[in-house]
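Residue-level listing of the chains:
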Amino acid sequence: MVVYRKHILVMCVGAALVVFGVISKCSWSDIFFSQIKKMMVLAEGSTSFYIWRDIPIPMYLECFLFNITNTEDILAGKNVSLQVQQLGPYVFKEIRKKVNITWNENNTVTFRNQRYWYYHPEMSNGSLSDLVTSINPIIVTIAYALRNESVMLRVFVDMIMRISHRDIFLKANVSSWLFDGIEDPLLNLANRIPNIPYDIPFDKFGWLYTRNGSIDYDGEFVANTGEKDFFQLGMVERWQHTNRTIYRDKCGELKGSSGELWAPQRGLDELSIFAPDLCTHMTLVADRPVRFMGLDGMQYIANDSLFDNGHKYPDMACYCDEPRDSNCLPAGALNVSACKFGAPAFVTRPHFLDMDPHYPSKIKGLAPNKNHNFKMSIEMNTGMPLAISAQLQANALVRHIPGMSLNNQLPDPDVLVPMFWFREEIVVNEKYANFARTALNIKYVTPYGFYTLILIGCAVLAVTIWQYRKHQNVIKKQHISHEDSILTQSFLKKGESS
């Protein structure tokens, strides 16, 4: 009886292991999602918080400047196209962190970005002392800002500008064009000219002037922590104290992630990144599977919808004024003048990649290729970025404006001048990859534990049943043997009595 109870007890244990393993395996997707959410939700002390606050992946900013090489021919009045020469890259290591972090009661977090850039000459092609000639952005900005004012005012301002400037061109070294800034008396003049709708808060001009170490330049962000709705993790909900940007209608809606965190959503056809430098978001579309350091991901890239302005994609017409006017450029260039203190600034992909040929055909020296495209790769089970190659180009629209002779020196009366482009490269490193692997182990390794439980349970059941049947056979044989012995003894006794 004791043996039977032992077998029954062992069989119950085996059955329990099988049932537990099957139930756990069936509910594993919920378990995995719960564990990933616990790791990825933004909260003080969560695993993702420290990566989000102090990004551990090495980041590099590569800067390329366009040097105008035929200024003498242009100033001589020759009817020539603008000839440019790309210089660079000038490479800077970027350190990025979140500061002024405040946790809000509505499952959002408020923060500011702080970035530092350190020049790496060994990774650069050239020196920060290289001289670069381009158009003077202050001259063209003043002319652009006065384009709708009276001719008398424009002629007067042109006369004032000619006191300190002989032509539209400006020569300075790379360091000044980028971080150190270029002094120009026209900056002070610009803030004194009546009817200019923008206050320019700079005493110098530079593409990245005042940005090194600044906590104010990118503005204040409010992002979703993912606590209430995990699929909104990292999405920007407010920027500069509002949920809208400078663009009208649908284009002015705040949309996209700040770029560091994404909720795991397999099968996404597209994703959006909010870019404060553009005062809007950029949409990338799924391209192809990729692999980095043993991690599988999906690459997203920019296609011809980026900066389309409604030419092929009607939903993007709201990036231009209504009715559409001459400030709405052909497909491939986004007007960010309202985002850049009224400067005639337009953003494209490097070397006018995939832009309508109207403006690229006017510039010599460009060489667009697919490597200039904006792309981003994400591990879809965790939503973690594996690689980012953010590439954009800043351009100045130079149009002849009556009365502004200093601005009207280019042979072509309507030119989009390439000024500067950058590539921000981020590629997963071993430390960051290990974090992703830890998360993935929860999905791919732990289920094998459930399979093991099922196998162990089945094995226990099989062995127990086998032992039970073996024991039963032994008892049966013993019983038969005992009956035979009794019959034999009975037979013998009958023989003796006879």
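Everything below is about the structure shown above.
Residues numbered from 1 in each chain as written. Predicted model: local features only at pLDDT ≥ 70, side-chain atom pairs only at ≥ 80, totals over all residues. Heavy atoms only, no water.

1. A closer look at the overall build of the chain
- Scanning the chain for helices and strands turns up 10 helices and 18 strands.
- Looking at the chain as a whole, 50% of its 498 residues are labelled buried.
- By element, 56% of the accessible surface of the chain is carried by carbon and sulfur atoms, the whole surface being about 24,600 Å². (Helix = DSSP H or I, 4+ residues; strand = E, 2+ residues; numbered from the N terminus. Buried < 20%, exposed > 50% of the residue type's maximum accessible area, 1.4 Å probe, protein only. Areas by Shrake-Rupley, 256 points an atom, 1.4 Å probe, with all protein chains shown as cover.)

2. Describing the layout of surface pockets
- Counted as a void, the largest pocket has a volume near 450 Å³.
- Lining of the largest pocket is provided by 20 residues; of these, Lys-255, His-281, Thr-283, Asp-315 and Met-316 occupy positions nearest its centre.
- Residues that form the lining of the largest pocket fall into these classes: 10 nonpolar, five polar and five charged. (1 Å grid on protein atoms, 1.4 Å probe; cavity = no way out; pocket = protein on both sides within 12 Å on 5 of 7 lines; lining within 4 Å. Points joined across faces, edges and corners; volume = space filled by probe spheres on them. Nonpolar A, V, L, I, M, F, W, Y, C, P; charged D, E, K, R; others polar.)

3. Focus: unusual backbone geometry
- A cis amide bond, omega 10°, links Gly-88 with the succeeding residue Pro-89.
- Among the structural elements, Pro-89 can be located in strand β2 (residues 82-103).
- Residues Glu-322 and Pro-323 are joined by a peptide bond in cis, for which omega reads 0°.
- Relative to the assigned elements, Pro-323 resides in the loop between β12 (295-301) and β13 (334-335).
- Backbone geometry places Asp-249, a non-glycine residue, at a positive phi of 50°.
- Residue placement: Asp-249 occurs in the loop between β9 (236-239) and β10 (270-275).
- By relative accessible area, Asp-249 is classed as partly exposed at 48%.

4. Topic: the pairing of strand β8 (residues 220-224)
- For β8, the buried fraction is high: five of the five residues fall into the buried class.
- Here β8 shows no split at all, with Glu-220, Val-222 and Asn-224 on one side and Phe-221 and Ala-223 on the other all buried.
- The sheet contact formed by strand β3 (residues 108-119) and β8 spans five bridges and is antiparallel. If you follow Val-109 over to β8, its bridge partner there is Ala-223.
- Of the pairings in the sheet, the one linking β8 to β9 comprises three bridges and is antiparallel in character. Bridge pairing in β9 places Val-222 opposite Arg-238. (Pairing = 2+ DSSP bridges.)

5. Description of the side chain of Asn-373
- Its location among the elements puts Asn-373 in the loop between β15 (363-364) and β16 (375-379).
- A relative accessible area of 9% means that Asn-373 is categorised as buried.
- Within the structure, the side chain of Asn-373 is placed 2.7 Å from the side chain of Arg-349, a separation counted as a polar contact.
- Excluding residues within four positions of it along the chain, Asn-373 makes contact with Ile-301, Ala-302, Arg-349, Leu-353, Ser-389 and Gln-391. (Polar contact = N/O pair within 3.5 Å; in protein donor to acceptor, adjacent residues only side chain to side chain. Contact = heavy atoms within 4.5 Å.)

6. Details of the environment of Asp-203
- Its location among the elements puts Asp-203 in the loop between α8 (185-190) and β7 (204-205).
- Separated by 15 residues in the primary sequence, Asp-203 and Asn-188 place their C-alpha atoms 7.4 Å from one another.
- Dropping the residues within four chain positions of it, Asp-203 is found in contact with Leu-187 and Tyr-209.
- Side chain to side chain, Asp-203 and Tyr-209 meet in a polar contact 2.7 Å long.

7. Description of the packing of aromatic side chains
- Applying the stated criterion across every chain yields a total of 17 aromatic pairs.
- Centroid distance Phe-111 to Phe-221: 5.4 Å. Interplanar angle 10°. Geometry classified as stacked. Taken together, the residues span a long stretch of sequence, with Phe-111 in strand β3 and Phe-221 in strand β8 at a distance of 110 residues.
- Accessibility expressed as a relative area gives 2% for Phe-221, which makes it buried.
- Through pairs of rings, three or more aromatic residues link up here, namely Phe-49, Tyr-50, Trp-52, Trp-103, Phe-111, Phe-221, Trp-239 and Phe-274.
- One cation-aromatic arrangement involves Arg-147 over Tyr-144; the distance from NZ or CZ to the ring centre is 3.8 Å. (Phe/Tyr/Trp six-rings, centres within 6.5 Å; stacked < 30°, edge-to-face > 60°. Lys NZ or Arg CZ within 6 Å of the ring centre and 35° of its normal.)

8. Observations regarding the nonpolar core
- Of all hydrophobic cores here, the largest spans 122 residues; its most connected members are Ile-135, Ile-142, Trp-177, Leu-278, Leu-416 and Val-417.
- With residues up to four places along the chain from it excluded, the contact list for Ile-135 reads Ile-68, Val-140, Ile-168, Phe-169, Leu-170, Trp-177, Ala-396, Val-398, Val-417 and Met-419. (Core = buried A, V, L, I, M, F, W, Y, C linked by side-chain atoms within 4.5 Å.)

9. So, helix α6 (residues 151-164)
- For α6, with 14 residues, the first-to-last C-alpha span of 21 Å sits near the 20 Å given by 1.5 Å per residue.
- Against α5 (137-145) and α8 lie the buried residues of α6. (Expected span 1.5 Å × (residues − 1).)

10. Observations concerning the state of the cysteines
- Evaluated as defined, the whole model comprises three disulfides.
- A sulfur-sulfur separation of 2.0 Å characterises the disulfide bridge that pairs Cys-279 with Cys-339. On the sign convention where negative means left-handed, the S-S torsion of about 75° between Cys-279 and Cys-339 marks this disulfide as right-handed. With Cys-279 in the loop between β10 and β11 (280-292) and Cys-339 in the loop between β13 and β14 (345-348), this residue pair connects regions lying 60 residues apart in the sequence. Of the two residues, Cys-279 and Cys-339, both sit in the buried class.
- Sequence-ordered numbering of the bonded cysteines in the chain yields a pairing of 1-3, 2-6, 4-5. (Disulfide = S-S within 2.5 Å.)

Take it as geometry only, folks, not as evidence of what the structure does.
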